[in-house]
Each structure stands twice: as structure tokens, then as C-alpha cells.
Amino acid sequence: MTTAGTAHETTTRTGPAAARQHSLREHNLELVARAVFEVPEPLSRAGVAAATGLARATVSTLVDQLVAARLVRELPAVTGGRAGRPAVPLVPAPRSVVGLGLEVNVDYLGVRVLDLTGDVVVDRVVPGALHDSDPAVVLRRLGDLARDVVDEVTASGMTVAGARLALPGLVDPRTGLLEVAPNLGWSTLDPVPLLGLGELPVRIANEAKLAALAELAGGSDVAAPDSFVFVSGDVGIGAAIVVDRALFLGERGWNGEIGHVVVDPAGPRCSCGAFGCLEQYAGKEAMMRAAGLPPDAPLAALVALLTERDAAPGAHAAPGAGAAPGADGAALPAGRALGSALADFVNLLDVSTIVLGGAYTELLPWLRADVEAVLADRVLAAPFVDLEVRAAQAGPQAALTGGAREVLRAVLADPAAWV
């Protein structure tokens, strides 16, 4: 690989060459930062030089700049039992530059701060009933919550690099507009100014897509595959398509609206205006109603009902096969409807792994049998591939994590802006 010195020698000594030299420094800073951030074990300066192909002197200078910018931290030197200078391991700097994840969902507002190590610094989730809410009021509440969190972390010496706002609907990241969020009752909206966060850079994204990025980032013992369909189940149901570890966005980034796939044209009317959409069978409120619970009951109430049913005398050993009619009404039709919509996705997209997030993560033991049965029956390639349905690993409100990670990913892509 070309070293920084060799590449510099090939440029001509003119104005444009100076611009290229500046670009080369930015490129090399990114190389060094990625070498530090994307390895399982800390590298020394010599290790970074070996990984990047850059000269050791160049790496040392760039590392010093990243340390001064509080993006990289030096650990105590280790000798390793060999002669020569002790190696100084390099790691992402904790509690320095942080990313802010924001979310409006149908039943909560959330703010989460992550640092460069991936640790959660602050986490605030406020329950609420936000159906058909006033976006100006809701977004101002979220902005107030975010300002309190920003004040808290900056008082501790941290710098907030920016924020990502997750919304459950069609968002246009190019214009910053929310086109429609049926379950919130919002449409044709510019949400960022309503937050009132001043100069803090905020971008918007779809909730399911940010949750899929959180899943892709790992952090558990079960690594995400390179390609999968991520389904975020809540009051609404969204999906994200990941191909070769990158989001597939379609023409405008509006794909993945699996909650509005029609599973029964004669079914109930959906908030989007159509009839028989998946959300009317497998959305969280729909499952609550089917189980005889209030639509706004906590997910724990449904889980408790299903668990009680499985423990009842005469219940089958397998979850989801018991006899209580209320619980059956929640779990079984939801599983079949979800399996039907997923079968369409798999037939169209040719992916073999389905990751279920949101409420589905906890409900998977009672949904799995029906989802897998429908997939086996309706996916044309089912006899020839191993279709896997797995629970998400990114944790609750994963879009908050995905949003904060996206902010920090942008920092890593342009560390020169921080040096």
C-alpha cells in the first residue's frame, strides 16, 4: 500500500497539489481512526501502521492529532516481554465526543446518548399516548428532553456531535421532511425546527431503518448476518432491508413499509386508509385487543397472559399452543399474518434471515411456530434454503441506539473535522 510520503512525492507543487495534499491528510486520518475503532483488540501505533500501510512517523503524527481531538485514547504502555519501546494500545475515547439518538413513537418519546466506545451515557424514555397528536407540542416536548440531556453531558465535559431523529413513517432524508406517519396522524411536516435545538445538527430517519443499523452494529454474542430483513414490531410495523451490511433504500428510501402489506382485503380499516393491513393483526395494539387487554396495556401484560396460558393444565409444551382463547387470539393470528407478509418479502428479496425487533423480540416464543409454518408453506425456495427467524439483539428502543451510532459513524468518516 502507498505510504503518505510516497503519495506526496507524486503530486506536483502547485495550488491544486496542495488541495490534494490536504485531502490526503483527511483520508489518512480516516484510515488511522478506522484502524483504531474497527478492531477487536487495541492496536499500537506500530500495529496501526502495519494495518494501514502508512509510515510509522505519519501514523504517530496522526494518532497524536486524534488523541488531542479526544477521539482516541492511549492506554497504559505494555512491554509484552520484548526489548524496545513499550507498546501503547489505542482505543476509542470514552465520554468525549458523543452522539444523540432521538425518537418519537406512538407510545413513547426517547433520548439516548452513546459515546465512541458504544456505551450508553444517558437514556431517557418517556411513555405517552401519541396517536393523532399535535406534532408541534410533541416535538417541543422531545426537544426539551433533549436539551436537558445535552446540558447534562456537556456539563460533564462531553461534546455532542449531532442527533438523529427516528420517526415511524415515510421520511425524506434529502429534504428533512416527514411525508406521513399514519399512526401519529402526522403528514407533510418539517420536524427539526419544531425541536428547538438551535445549532445542534439534527437529521431525520425512519425508525425501523435506524433500528436495523443498531442490529448491524453488533454488540452481542450473536453477530448479525451480512444480509437480512429487520422487522420492528410496535403499534406500527416497519421493516428495513440489509444487503451486504448496507441498507437497501430503494428510490426514495421509503421501502420496508411491511405494516401496510395487505394480508386480508376484507379485514378492518387501517390508519393508512386501506383495509386488512398487517398492522391490524400483528401490531401491538391489535394483539392487545385480540387478547382482551386494553390497547395501551404494557407489553408485559400480554407476555404474562401468554406465559400463564402455557402453564395452565392441559397446555401444550410448545409456547403458542395452549388453550386460553384470549391469548390464542393475540398470538396465533398475529403469527400467521406476520408469516404471510414476510413470505412475500422473502419471495421478492431472496433473503434467508429475518430479524424480529421491537415487541416481537419478547413475543417471538409465541409467534415463531406460526411464522415459520407459513414461511415453509409459502416461500418458493423454502425446500432449498434454511430460513432463519431470530430475535433482535440490539435491545429496547433500538432506533435510539441506531441514531446515536449514525452520528458517531459520521464522526469516524470525517475525523479531520474534529482535529
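Predicted model, so just to flag it, every value in this text is computed and none were measured.

Give a detailed account of the pairing of strand β6 (residues 159-167), specifying residues and quantitative values.
In terms of burial, β6 is largely enclosed, as 8 of its 9 residues are buried. Strand direction decides the pairing type here: strand β3 (residues 97-105) and β6, joined by 6 bridges, are parallel. Directly across from V97, in β6, lies its bridge partner T159. As judged from the 5 bridges shared by β6 and strand β10 (residues 202-206), these two strands associate in the parallel manner. In the strand pairing of β10, A163 is matched with V202.

Describe the sheet that holds strand β9 (residues 186-189), naming the residues involved and giving the relevant values.
Strand order in the open sheet formed by 3 strands is β7-β8-β9, and the pairing between neighbours is antiparallel. In this open sheet, the two edge strands, each paired with only one partner strand, are β7 (170-172) and β9. Adjacent strand axes in the sheet meet at a mean angle of 15°, parallel and antiparallel pairs treated alike. Relative to β9, strand β8 (residues 177-181) runs antiparallel, the two sharing 3 bridges. The residue bridging V180 from the neighbouring strand is S187, located in β9.

Tell me about helix α4 (residues 56-68), and please be specific about residues and values.
Between the first and last C-alpha of α4 there are 18 Å, a value that for 13 residues agrees with the 18 Å anticipated at 1.5 Å per step. Downstream of α4 by a residue or two, R70 has a phi angle that is positive, lying close to 65°.

Before we move on, could you go through unusual backbone geometry and cite the residues and values that matter?
A positive phi is found at R245, a non-glycine position, where the angle reads about 65°. Its place among the elements puts R245 in the loop between β12 (237-243) and β13 (246-248). In the Ramachandran plot, Q397 falls in the positive-phi region, its phi being about 45° despite a non-glycine side chain. With respect to the element layout, Q397 can be found in the loop between β15 (388-391) and α13 (398-413). For Q397, a relative accessible area of 25% gives the class partly exposed.

I'd like a description of the packing of helix α10 (residues 299-311) against helix α12 (residues 359-378), backed by residues and values.
Viewed as axis vectors pointing N to C, α10 and α12 meet at an angle of 10°, and their least axial separation amounts to 10 Å. By the angle between their directions, the pair α10 and α12 is classed as roughly parallel. Between α10 and α12, the contacting residues are L299, L302, V303, L306, T307, R309 and D310 on the first element and A359, E362, L363 and W366 on the second. Its residues assigned to classes, the contact of α10 with α12 shows 7 nonpolar, 1 polar and 3 charged.

Lay out the sheet that holds strand β4 (residues 108-115) with the relevant residues and their values.
Sheets are built from strands that pair by backbone hydrogen bonding, the pairs being arranged parallel or antiparallel. A sheet is described by the order of its strands in space; here 5 strands give the open sequence β5-β4-β3-β6-β10, paired in mixed fashion. Two strands in the sheet have a free side with no partner beyond their single neighbour: β5 (120-127) and β10. In this sheet, neighbouring strand axes are inclined to one another by 15° on average, regardless of whether the strands run parallel or antiparallel. Relative to β3, α13 is tilted by about 145°, and along the sheet it contacts β3, β4, β5 and β6.

Could you give me a rundown of the packing of helix α7 (residues 207-216) against α13, with the residues and numbers involved?
Contact geometry for α7 and α13: axes closest at 7 Å, N-to-C directions at 75°. Judged by the angle between their axes, α7 and α13 are roughly perpendicular. Mapping the contact onto sequence places E207, L210, A211, L213 and A214 in α7 and A398, A399, T401, G402, G403 and E406 in α13. For the contact of α7 with α13, the residue count by class is 6 nonpolar, 3 polar and 2 charged.

Quick one: what's the story with the nonpolar core, residue by residue and with numbers?
Looking at soluble globular proteins, one finds that nonpolar side chains tend to be buried together. Counting 37 residues, the largest nonpolar core has V231, I258, L342, L356 and Y360 as its most contacted members. Contributing elements (two or more residues each) for this core: β11 (228-233), β12, α9 (284-290), α10, α11 (325-349), β14 (353-358) and α12. With sequence-adjacent residues up to four places away left out, L356 is seen in contact with V231, L338, L342, T361, L364, V389, R390, A391 and A392. L100, L195, L197 and I204 belong to the second-largest nonpolar core, a separate cluster that totals 35 residues.

Quick rundown of the pattern of salt bridges? Include the residues and the values.
Applying the stated criterion across every chain, the model contains 19 salt bridges. Of the charged contacts, one joins E74 and R45 as a salt bridge, the two residues approaching to 2.8 Å between their closest N and O atoms. Note that E74 is positioned in strand β1 (residues 72-74) and R45 in helix α3 (residues 45-52), a separation of 29 residues in sequence. Across the salt bridge formed by D107 and K284, the nearest N and O atoms sit 2.7 Å from each other. Of this pair, D107 sits in the loop between β3 and β4 while K284 sits in helix α9, and the two are 177 residues apart along the sequence. In this structure, D107 and K284 share a single accessibility class: buried. One network of salt bridges, in which partners are shared, links E30, R34 and E38.

Mind laying out the pairing of β8, listing which residues take part and the relevant values?
Here β7 runs beside β8; their pairing, made up of 3 bridges, is antiparallel. Residue pairing for β8: V171 is matched across the bridge by L178.

Give me the confidence of the model for the protein: which residues, what numbers.
Mean pLDDT over the protein stands at 89; residues scoring 70 or higher make up 88%. Of the regions scoring below 50 in pLDDT, residues 1-19 engages in 19 contacts with residues more than four places distant in sequence or in other chains. Confidence drops under a pLDDT of 50 for residues 316-325, and excluding neighbours within four residues, the segment shows 22 contacts in the predicted structure.

Run through the state of the cysteines, naming residues and quoting values.
One pass over the full model with this rule turns up 0 disulfides. With no disulfide of its own, C270 has C272 as its nearest cysteine by sulfur position, at a separation of 3.8 Å. Sulfur of C272: no disulfide; nearest cysteine sulfur belongs to C277 and is 3.7 Å away.

Calculation rules
- Residues numbered from 1 in each chain as written.
- Predicted model: local features only at pLDDT ≥ 70, side-chain atom pairs only at ≥ 80, totals over all residues.
- Heavy atoms only, no water.
- Buried < 20%, exposed > 50% of the residue type's maximum accessible area, 1.4 Å probe, protein only.
- Helix = DSSP H or I, 4+ residues; strand = E, 2+ residues; numbered from the N terminus.
- Pairing = 2+ DSSP bridges.
- Axes fitted to C-alpha atoms, helices over the stretch in contact; angles between N-to-C directions.
- Expected span 1.5 Å × (residues − 1).
- Parallel < 35°, antiparallel > 145°, perpendicular 65-115°, else oblique.
- Contact = heavy atoms within 4.5 Å.
- Nonpolar A, V, L, I, M, F, W, Y, C, P; charged D, E, K, R; others polar.
- Core = buried A, V, L, I, M, F, W, Y, C linked by side-chain atoms within 4.5 Å.
- Salt bridge = Lys/Arg side-chain N within 4 Å of Asp/Glu carboxyl O.
- pLDDT = per-residue confidence, 0-100.
- Disulfide = S-S within 2.5 Å.

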